[in-house]
Amino acid sequence: MPADLHLHTKISDGSVGIDEIVMLAKKRGLSTIAVTDHDTFAGSGRAQIIGRRQGVRVLPGAEFSAADPSTGRKAHILCYLCEKPDRLLGLCRRTSEARRRAGNAMLEKVLALYPITAEMVVRRTQGSTGLYKQHIMHALLDAGCADGIFGGVFRRLFNPKDGLAYVPVEYPDVHDVIGQIHAAGGLAVLAHPGLYDSYALLEQLASDREIEGVEVWHPKNREGDEERLSAVAEEWGLVKTGGTDFHGMYTERPVPVGTCTAPDEEVEKLLRRKNSSAKQT
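Every residue gets a number counted from 1 within its own chain, in the order that chain's sequence is written. Whole-chain, interface and lining totals are the exception, using all residues; otherwise, since this is a predicted model, local features are given only for residues with pLDDT of at least 70 and side-chain atom pairs are given and counted only at 80 or more. The basis for every side-chain value is the complete set of heavy atoms in the structure, and neither hydrogens nor water enter the calculation.

Enquirer: A description of the overall build of the protein should follow, citing residues and the corresponding values.
Expert: When helices and strands are tallied, the protein shows ten helices and seven strands. Against the compact-globule benchmark of 19 Å for 281 residues, the protein has a radius of gyration of 18 Å, which places it among compact chains. For the protein, the spread of C-alpha atoms along the principal axes amounts to about 55 × 45 × 40 Å. Only protein chains enter the area calculation, which uses a 1.4 Å probe; residues under 20% of their type maximum are buried, those over 50% are exposed, and those in between are partly exposed. Looking at the 281 residues of the protein, the share that counts as buried comes to 55%. Considering only contacts within the protein whose residues lie at least 6 apart along the sequence, 72% involve residues at least 24 apart. A total accessible area of about 12600 Å² is found for the protein, and carbon and sulfur atoms account for 49% of it. Charged residues are defined here as Lys and Arg on the positive side and Asp and Glu on the negative side; His and the ends of the chain fall outside this count. Note on charges: their place is set at NZ of Lys, CZ of Arg, CG of Asp or CD of Glu. Charged side chains in the protein number 35 positive and 37 negative. The centres of these two groups are separated by 5 Å. A helix here means a DSSP run of H or I that spans at least four residues, while a strand means a run of E at least two residues long, and both kinds are numbered starting from the N terminus. Radius of gyration means the value over C-alpha atoms here, while the globule rule gives 2.2 Å times the residue count to the 0.38 power. Two residues qualify as a contact provided that any one of their heavy atoms is within 4.5 Å of a heavy atom in the partner residue. Accessibility throughout is a Shrake-Rupley quantity obtained with a 1.4 Å probe, and a residue counts as covered only by protein chains that appear here.

Here you go:
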(Lines give C-alpha, C1' and ligand atoms only; values in the text may rest on other atoms or scores of the structure.)
Protein backbone atom coordinates (compact mmCIF):
# COMPACT_ATOMS: atom_id res chain seq x y z
CA MET A 1 0.00 0.00 0.00
CA PRO A 2 1.18 3.58 -0.62
CA ALA A 3 2.39 5.68 2.30
CA ASP A 4 1.79 9.28 3.33
CA LEU A 5 5.12 10.35 4.78
CA HIS A 6 4.43 14.04 5.45
CA LEU A 7 1.73 14.86 8.04
CA HIS A 8 1.40 17.71 10.53
CA THR A 9 -0.71 17.77 13.69
CA LYS A 10 -1.80 20.27 16.33
CA ILE A 11 1.62 19.83 17.92
CA SER A 12 3.01 22.21 15.31
CA ASP A 13 0.94 24.01 12.66
CA GLY A 14 -1.77 21.48 11.85
CA SER A 15 -5.40 21.64 12.95
CA VAL A 16 -5.92 17.91 13.59
CA GLY A 17 -4.88 15.75 16.54
CA ILE A 18 -2.61 12.70 16.36
CA ASP A 19 -5.42 10.24 17.00
CA GLU A 20 -7.46 11.80 14.21
CA ILE A 21 -4.51 11.64 11.81
CA VAL A 22 -4.14 7.90 12.42
CA MET A 23 -7.88 7.37 12.03
CA LEU A 24 -7.93 9.28 8.74
CA ALA A 25 -5.02 7.20 7.47
CA LYS A 26 -6.78 3.98 8.43
CA LYS A 27 -9.99 5.13 6.71
CA ARG A 28 -7.94 5.86 3.61
CA GLY A 29 -6.49 2.34 3.67
CA LEU A 30 -2.90 3.43 4.27
CA SER A 31 -0.58 0.94 5.89
CA THR A 32 2.22 3.43 6.66
CA ILE A 33 2.36 7.10 7.60
CA ALA A 34 4.90 9.48 9.14
CA VAL A 35 4.02 12.27 11.55
CA THR A 36 6.47 15.06 10.72
CA ASP A 37 5.66 18.06 12.88
CA HIS A 38 7.86 21.11 12.55
CA ASP A 39 11.00 21.06 14.68
CA THR A 40 9.70 18.60 17.26
CA PHE A 41 9.38 14.89 17.96
CA ALA A 42 6.84 15.56 20.70
CA GLY A 43 4.09 13.48 19.10
CA SER A 44 6.12 10.67 17.57
CA GLY A 45 5.87 8.23 20.47
CA ARG A 46 2.15 8.69 20.95
CA ALA A 47 1.54 8.43 17.21
CA GLN A 48 3.34 5.08 17.10
CA ILE A 49 1.33 3.73 20.04
CA ILE A 50 -1.98 4.80 18.48
CA GLY A 51 -0.84 3.46 15.13
CA ARG A 52 -0.13 0.01 16.57
CA ARG A 53 -3.60 -0.07 18.10
CA GLN A 54 -5.19 0.83 14.78
CA GLY A 55 -3.01 -1.34 12.56
CA VAL A 56 -1.21 1.59 10.91
CA ARG A 57 2.60 1.67 10.88
CA VAL A 58 3.82 5.09 11.99
CA LEU A 59 7.39 6.05 11.16
CA PRO A 60 8.87 8.54 13.64
CA GLY A 61 9.73 11.82 11.97
CA ALA A 62 10.03 15.59 12.10
CA GLU A 63 10.38 18.39 9.57
CA PHE A 64 13.25 20.74 10.34
CA SER A 65 13.18 24.36 9.23
CA ALA A 66 16.45 25.64 7.82
CA ALA A 67 17.95 28.18 5.44
CA ASP A 68 20.09 27.67 2.36
CA PRO A 69 23.13 29.93 2.94
CA SER A 70 23.82 30.22 -0.78
CA THR A 71 20.41 31.75 -1.58
CA GLY A 72 18.90 32.77 1.74
CA ARG A 73 15.77 30.80 0.89
CA LYS A 74 14.00 28.37 3.20
CA ALA A 75 14.95 24.71 3.06
CA HIS A 76 12.99 22.04 4.91
CA ILE A 77 14.59 18.75 5.90
CA LEU A 78 12.45 15.74 6.77
CA CYS A 79 14.08 13.56 9.40
CA TYR A 80 12.98 9.93 9.53
CA LEU A 81 13.69 7.02 11.88
CA CYS A 82 15.89 8.98 14.26
CA GLU A 83 17.59 6.74 16.82
CA LYS A 84 18.44 9.43 19.38
CA PRO A 85 15.95 12.31 18.97
CA ASP A 86 17.01 13.71 22.34
CA ARG A 87 20.23 14.86 20.65
CA LEU A 88 18.11 17.18 18.50
CA LEU A 89 16.23 18.78 21.39
CA GLY A 90 18.58 21.77 21.45
CA LEU A 91 18.05 22.41 17.74
CA CYS A 92 14.29 22.04 18.17
CA ARG A 93 14.25 24.41 21.13
CA ARG A 94 16.29 27.13 19.42
CA THR A 95 14.13 27.11 16.31
CA SER A 96 10.90 27.03 18.33
CA GLU A 97 12.09 29.98 20.41
CA ALA A 98 13.00 31.95 17.28
CA ARG A 99 9.59 31.18 15.80
CA ARG A 100 7.82 32.19 19.01
CA ARG A 101 9.70 35.51 19.16
CA ALA A 102 8.70 36.30 15.58
CA GLY A 103 5.15 35.10 16.24
CA ASN A 104 4.76 37.33 19.28
CA ALA A 105 6.07 40.31 17.31
CA MET A 106 3.59 39.61 14.50
CA LEU A 107 0.77 39.21 16.99
CA GLU A 108 1.50 42.62 18.49
CA LYS A 109 1.19 44.17 15.05
CA VAL A 110 -2.05 42.32 14.31
CA LEU A 111 -3.56 43.41 17.64
CA ALA A 112 -2.99 47.02 16.61
CA LEU A 113 -4.90 46.43 13.36
CA TYR A 114 -7.79 44.12 14.30
CA PRO A 115 -10.21 43.91 17.28
CA ILE A 116 -9.08 40.55 18.66
CA THR A 117 -7.30 39.69 21.89
CA ALA A 118 -4.03 37.91 22.51
CA GLU A 119 -5.95 35.37 24.60
CA MET A 120 -7.97 34.34 21.53
CA VAL A 121 -4.79 33.52 19.67
CA VAL A 122 -3.11 31.80 22.60
CA ARG A 123 -6.18 29.59 23.01
CA ARG A 124 -5.68 28.35 19.46
CA THR A 125 -2.05 27.46 20.12
CA GLN A 126 -2.96 24.99 22.87
CA GLY A 127 -1.05 21.74 22.33
CA SER A 128 1.34 23.35 19.84
CA THR A 129 5.05 23.89 20.39
CA GLY A 130 4.90 27.26 18.67
CA LEU A 131 2.89 30.32 17.72
CA TYR A 132 2.22 30.16 13.99
CA LYS A 133 0.61 32.58 11.56
CA GLN A 134 -2.21 30.05 11.15
CA HIS A 135 -3.12 30.44 14.82
CA ILE A 136 -3.42 34.20 14.40
CA MET A 137 -5.53 33.73 11.28
CA HIS A 138 -7.76 31.20 13.06
CA ALA A 139 -8.56 33.82 15.70
CA LEU A 140 -9.23 36.44 13.02
CA LEU A 141 -11.51 34.00 11.20
CA ASP A 142 -13.46 33.21 14.36
CA ALA A 143 -13.77 36.93 15.10
CA GLY A 144 -15.29 37.56 11.68
CA CYS A 145 -12.28 39.54 10.46
CA ALA A 146 -11.29 37.10 7.70
CA ASP A 147 -13.05 34.70 5.35
CA GLY A 148 -10.39 31.98 5.46
CA ILE A 149 -7.06 30.98 6.95
CA PHE A 150 -5.34 31.91 3.69
CA GLY A 151 -6.58 34.68 1.44
CA GLY A 152 -6.62 38.44 1.23
CA VAL A 153 -6.18 39.10 4.94
CA PHE A 154 -3.33 36.62 5.21
CA ARG A 155 -1.52 38.23 2.26
CA ARG A 156 -2.14 41.72 3.62
CA LEU A 157 -0.61 40.77 6.95
CA PHE A 158 2.03 38.17 6.20
CA ASN A 159 3.33 38.63 2.68
CA PRO A 160 7.13 38.42 3.14
CA LYS A 161 7.68 41.43 0.86
CA ASP A 162 5.18 43.95 2.21
CA GLY A 163 3.00 42.28 4.85
CA LEU A 164 1.87 44.74 7.50
CA ALA A 165 2.61 42.29 10.31
CA TYR A 166 5.28 40.07 8.82
CA VAL A 167 8.38 39.33 10.89
CA PRO A 168 10.93 36.83 9.53
CA VAL A 169 12.15 33.86 11.56
CA GLU A 170 15.88 33.19 11.69
CA TYR A 171 16.48 29.55 10.75
CA PRO A 172 19.69 27.50 11.13
CA ASP A 173 22.02 26.58 8.27
CA VAL A 174 20.66 23.62 6.32
CA HIS A 175 24.02 21.85 6.29
CA ASP A 176 24.30 22.14 10.05
CA VAL A 177 20.78 20.77 10.47
CA ILE A 178 21.57 17.75 8.29
CA GLY A 179 24.79 17.13 10.21
CA GLN A 180 22.90 17.14 13.50
CA ILE A 181 20.25 14.77 12.11
CA HIS A 182 22.94 12.30 11.08
CA ALA A 183 24.70 12.61 14.43
CA ALA A 184 21.40 11.68 16.08
CA GLY A 185 21.03 8.61 13.88
CA GLY A 186 18.34 9.95 11.57
CA LEU A 187 17.86 9.92 7.79
CA ALA A 188 17.71 13.31 6.04
CA VAL A 189 15.34 13.96 3.13
CA LEU A 190 15.02 17.29 1.32
CA ALA A 191 11.34 18.27 1.43
CA HIS A 192 9.41 19.71 -1.55
CA PRO A 193 12.35 21.22 -3.51
CA GLY A 194 9.97 22.61 -6.11
CA LEU A 195 8.16 24.70 -3.52
CA TYR A 196 11.27 26.73 -2.68
CA ASP A 197 12.99 26.30 -6.07
CA SER A 198 15.74 24.33 -4.35
CA TYR A 199 17.05 22.36 -7.32
CA ALA A 200 20.57 23.73 -7.02
CA LEU A 201 20.57 22.88 -3.32
CA LEU A 202 19.28 19.40 -4.11
CA GLU A 203 22.10 18.78 -6.58
CA GLN A 204 24.66 19.99 -4.05
CA LEU A 205 23.26 17.89 -1.19
CA ALA A 206 22.96 14.83 -3.41
CA SER A 207 26.44 15.08 -4.94
CA ASP A 208 28.01 15.66 -1.52
CA ARG A 209 26.09 12.68 -0.10
CA GLU A 210 24.52 14.82 2.59
CA ILE A 211 21.00 13.46 2.18
CA GLU A 212 19.46 10.01 1.87
CA GLY A 213 16.34 11.03 -0.02
CA VAL A 214 14.22 13.66 -1.72
CA GLU A 215 10.49 14.31 -1.56
CA VAL A 216 9.37 13.59 -5.12
CA TRP A 217 5.60 13.50 -4.64
CA HIS A 218 4.03 16.66 -3.18
CA PRO A 219 0.64 18.32 -3.82
CA LYS A 220 2.26 21.67 -4.70
CA ASN A 221 4.56 20.26 -7.36
CA ARG A 222 4.52 22.21 -10.59
CA GLU A 223 4.35 20.59 -13.99
CA GLY A 224 7.54 18.63 -14.57
CA ASP A 225 8.71 18.68 -10.93
CA GLU A 226 8.00 14.99 -10.32
CA GLU A 227 9.94 13.88 -13.39
CA ARG A 228 12.85 16.21 -12.65
CA LEU A 229 13.09 15.16 -9.00
CA SER A 230 12.85 11.48 -9.91
CA ALA A 231 15.72 11.89 -12.35
CA VAL A 232 17.94 13.46 -9.68
CA ALA A 233 17.00 10.73 -7.21
CA GLU A 234 17.86 7.99 -9.66
CA GLU A 235 21.13 9.65 -10.67
CA TRP A 236 22.37 9.84 -7.08
CA GLY A 237 20.66 6.79 -5.59
CA LEU A 238 18.31 8.74 -3.35
CA VAL A 239 15.16 7.32 -1.78
CA LYS A 240 12.03 8.93 -3.26
CA THR A 241 9.49 9.95 -0.63
CA GLY A 242 6.16 11.72 -0.81
CA GLY A 243 3.17 12.90 1.16
CA THR A 244 0.33 15.35 1.40
CA ASP A 245 2.11 17.84 3.69
CA PHE A 246 -1.19 17.61 5.55
CA HIS A 247 -2.21 20.50 7.83
CA GLY A 248 -5.96 19.93 8.12
CA MET A 249 -7.85 23.19 7.65
CA TYR A 250 -4.62 25.18 8.03
CA THR A 251 -3.92 24.96 4.33
CA GLU A 252 -4.56 26.91 1.14
CA ARG A 253 -6.60 24.16 -0.51
CA PRO A 254 -8.03 20.84 0.68
CA VAL A 255 -5.49 18.01 0.63
CA PRO A 256 -6.90 14.97 2.45
CA VAL A 257 -4.63 12.42 4.09
CA GLY A 258 -3.48 9.81 1.59
CA THR A 259 -4.15 11.78 -1.60
CA CYS A 260 -0.42 12.24 -2.31
CA THR A 261 1.75 9.27 -1.43
CA ALA A 262 4.99 7.37 -1.90
CA PRO A 263 4.88 3.80 -3.25
CA ASP A 264 5.53 0.91 -0.90
CA GLU A 265 8.82 0.00 -2.59
CA GLU A 266 10.25 3.42 -1.73
CA VAL A 267 9.19 3.00 1.90
CA GLU A 268 11.05 -0.30 1.98
CA LYS A 269 14.10 1.42 0.47
CA LEU A 270 13.94 3.98 3.26
CA LEU A 271 13.84 1.23 5.87
CA ARG A 272 16.71 -0.63 4.19
CA ARG A 273 18.76 2.58 4.06
CA LYS A 274 18.18 2.99 7.78
CA ASN A 275 19.21 -0.59 8.50
CA SER A 276 22.31 -0.16 6.36
CA SER A 277 23.40 3.05 8.09
CA ALA A 278 22.76 1.50 11.50
CA LYS A 279 25.08 -1.42 10.67
CA GLN A 280 27.80 0.98 9.52
CA THR A 281 27.74 2.73 12.85
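Now that the structure has been shown, we can carry on.
Enquirer: Please set out the environment of Q180 residue by residue, giving values where relevant.
Expert: Within the element layout of this structure, Q180 appears in helix α7 (residues 174-183). For the pair Q180 and L88, spaced 92 residues apart in the sequence, the C-alpha separation amounts to 6.9 Å. Sequence-distant contacts of Q180, defined by excluding residues within four places in its chain, comprise L88, L91 and R94.

Enquirer: Any chance you could break down the packing of helix α3 (residues 89-111) against helix α5 (residues 133-142) for me, citing the residues and the numbers?
Expert: The angle between two axes is taken between their N-to-C directions and runs from 0 to 180 degrees, where each axis is a line fitted to C-alpha atoms and a helix contributes only its stretch in contact. For the pair α3 and α5, the least separation of the axes is 10 Å and the interaxial angle reads 25 degrees. Taken together, α3 and α5 sit at an angle that is classed as roughly parallel. When the axes of α3 and α5 are compared, the crossing they make is right-handed. Two secondary-structure elements touch here, α3 through G103, M106, L107 and V110 and α5 through K133, I136 and L140. An angle counts as roughly parallel when it lies under 35 degrees, as roughly antiparallel when it exceeds 145, as roughly perpendicular when it falls between 65 and 115, and as oblique in every other case. By convention the crossing between two helices is left-handed if the near helix lies anticlockwise of the far one by an angle smaller than a right angle, and right-handed if it lies clockwise.

Enquirer: Let's hear about the packing of aromatic side chains: which residues, and what values?
Expert: Between the rings of Phe, Tyr and Trp (Trp by its six-membered ring), a pair exists once the centres lie within 6.5 Å; its type follows the angle of the planes, with under 30 degrees stacked, over 60 edge-to-face, and the other angles tilted. With the rule as written, the count across this model stands at three aromatic pairs. Members of the aromatic cluster, joined through ring pairs, are F150, F154 and F158. Think of it as a cone above the ring: NZ of Lys or CZ of Arg counts as a charge over the ring if it is within 6 Å of the ring centre and within 35 degrees of the ring normal. The aromatic ring of Y199 is capped on one face by R228, whose charged end is 3.6 Å from the ring centroid.

Enquirer: Quick one: what's the story with the sheet that holds strand β7 (residues 239-242), residue by residue and with numbers?
Expert: For two strands to be treated as a pair, DSSP must find no fewer than two bridges joining them. The strand order across the open sheet formed by seven strands is β1-β2-β3-β4-β5-β6-β7, and the pairing between neighbours is mixed. For this open sheet the edge positions go to β1 (3-7) and β7, each flanked by a neighbour on one side alone. Averaged over all pairs of adjacent strands, the angle between strand axes in this sheet comes to 35 degrees, irrespective of strand direction. Bridge count between strand β5 (residues 187-190) and strand β6 (residues 213-217): two bridges; the pairing is parallel. From the neighbouring strand, V189 faces β6, where its bridge partner is G213. Strand contacts of α7: β3 (57-67), β4 (74-80) and β5, with the helix running at about 150 degrees to β3, the strand carrying the most contacts.

Enquirer: So what about the nonpolar core? Which residues, and what values?
Expert: Side-chain atoms within 4.5 Å link the members of a nonpolar core, which is a set of buried Ala, Val, Leu, Ile, Met, Phe, Trp, Tyr and Cys residues. By size, the foremost hydrophobic cluster in this structure holds 47 residues, and its most contacted members are L5, F64, Y80, L88, I181, L202 and I211. If we ignore the near neighbours within four places in the chain, the residues touching L5 are T32, I33, A34, T36, L59, Y80, T241, G242, G243, A262 and V267.

Enquirer: Residues and numbers for α3, please.
Expert: Given the number of residues in a helix, its expected span is that number minus one, multiplied by 1.5 Å. Relative to the 33 Å expected for 23 residues at 1.5 Å per residue, α3 spans 32 Å between its end C-alpha atoms, a close match to the ideal helical length. Every buried residue of α3 is accounted for by G90, L91, C92, T95, S96, A98, R99, A102, G103, M106, L107 and V110. Those residues of α3 hidden inside the fold are in contact with β3, α4 (118-124), α5, α6 (152-158) and α7.

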